[in-house]
Amino acid sequence: QQQVKQSPQSLIVQKGGISIINCAYENTAFDYFPWYQQFPGKGPALLIAIRPDVSEKKEGRFTISFNKSAKQFSLHIMDSQPGDSATYFCAASVQTGANNLFFGTGTRLTVIP
Amino acid sequence: DGGITQSPKYLFRKEGQNVTLSCEQNLNHDAMYWYRQDPGQGLRLIYYSQIVNDFQKGDIAEGYSVSREKKESFPLTVTSAQKNPTAFYLCASRFWDTEAFFGQGTRLTVV
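Note that the coordinates shown come from a computational prediction; the quantities given were computed from them, not determined experimentally.

Conventions and cut-offs
- Residue positions are given per chain, counted from 1 along the sequence in the order it is written.
- Working convention: letters from A go to chains and numbers from 1 go to ligands, in the order in which they are written.
- Where totals are concerned, whole chains, interfaces and linings use all residues; where local detail is concerned, this predicted model gives features only for residues with pLDDT of at least 70, and gives and counts side-chain atom pairs only at 80 or more.
- Computation of side-chain values: all heavy atoms of the structure, hydrogens and water removed.
- Between any two strands, at least two bridges found by DSSP are needed for them to pair.
- Here a helix means four or more residues in a row that DSSP labels H or I, a strand means two or more in a row labelled E, and each is numbered from the N terminus.
- Axis lines are fitted to C-alpha atoms, over the contacting stretch for helices. Their N-to-C directions set the angle, which ranges from 0 to 180 degrees.
- Note on terminology: disulfide denotes any pair of cysteine sulfur atoms within 2.5 Å.
- Think of it in three bands: with a 1.4 Å probe and only protein chains considered, a residue is buried below 20% of the maximum accessible area for its type, exposed above 50%, and partly exposed in between.
- Nonpolar side chains (Val, Leu, Ile, Met, Phe, Trp, Tyr) are joined into patches within 5 Å and like charges within 9 Å, using only residues with over 30% relative accessible area and no salt bridge.
- In this description, accessible areas are obtained by the Shrake-Rupley approach with a 1.4 Å probe, and a residue is regarded as covered only by the protein chains that are shown.
- The term salt bridge refers to a pairing of a side-chain nitrogen on Lys or Arg with a carboxyl oxygen on Asp or Glu at a separation within 4 Å.

Student: Sorry if this is basic, but what is going on with the sheet that holds strand β6 (residues 56-59) of chain A here?
Tutor: Residues and elements named next belong to chain A. Reading across from one edge, β1-β3-β8-β7-β6 is the order of the five strands in this open sheet, with antiparallel pairing throughout. The outermost strands of the open sheet, each flanked by one partner alone, are β1 (4-7) and β6. Here the average twist between neighbouring strands, direction ignored, is 15 degrees.

Below is the structure:
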């Protein structure tokens, strides 16, 4: 059973456009929601993360929007660039206990010049 | 400099062979994790360890084994019981509920 559901599976965006990736979860105990970026043949690296006490977090061109009541969160990439072409994973974890990170299935983003 | 190191980068396994993937970290993290990555399936948890000499099975532990004799090291053995081991394996470490750091991965291929 997938703890975190991610969509779309792939996304093609024109340079300068907005890329939007969505995730949904069921476990209301989750309280840490990171996004990871992965380039081919490399390990994922943290892009941005949010906790449920805020509804939005922005770092440069990357923004997380969080809707606690809907149990959804999304990544927005503004002014998308070809260098943003990568696979993006959302994840969720609980602060206490095993602290396992549960990952979505990933979104392959391609930004066309 | 601090980080998490996986070796080798590429590994080839013959049928019926056990192989061991190395994962070392110098971040002083207590928790370490092994994930398997297959196309279209995201990252699936194989094993994790919160402290030395203790580890738990993840979602897909069958055919794999681990040890945690030192805080810095968390090797993964892919045994002959794992019938479809070809995949990209990722090791990660984490300090409680903060950022997880990943290694660069090991690509295992059955020949």
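Don't stop here, the text continues.
Student: What's the story with the state of the cysteines in this structure? I'm lost.
Tutor: The full count for this structure, using the stated rule, is two disulfides over all chains. The disulfide bridge from Cys23(A) ends at Cys90(A), spanning 1.9 Å between sulfur atoms. For the disulfide bridge between Cys23(A) and Cys90(A), the dihedral angle about the S-S bond is near -95 degrees, and by the sign convention the bridge is left-handed. Here the residue Cys23(A) occupies a position in strand β3 (residues 19-25), and Cys90(A) occupies one in strand β9 (residues 86-92), the gap between them amounting to 67 residues. Take Cys23(A): its relative accessible area is 3%, and that puts it in the buried class. Among the residues examined, Cys90(A) registers a relative accessible area of 0% and is labelled buried. The disulfide partner of Cys23(B) is Cys91(B), and the S-S distance across this bridge is 1.9 Å.

Student: So what exactly am I meant to see when it comes to a nonpolar patch on the surface here?
Tutor: Taken together, the side chains of Ile18(A), Ile20(A) and Met78(A) present a nonpolar region at the surface, about 240 Å² in accessible area. For Ile20(A), the position within the fold is in strand β3.

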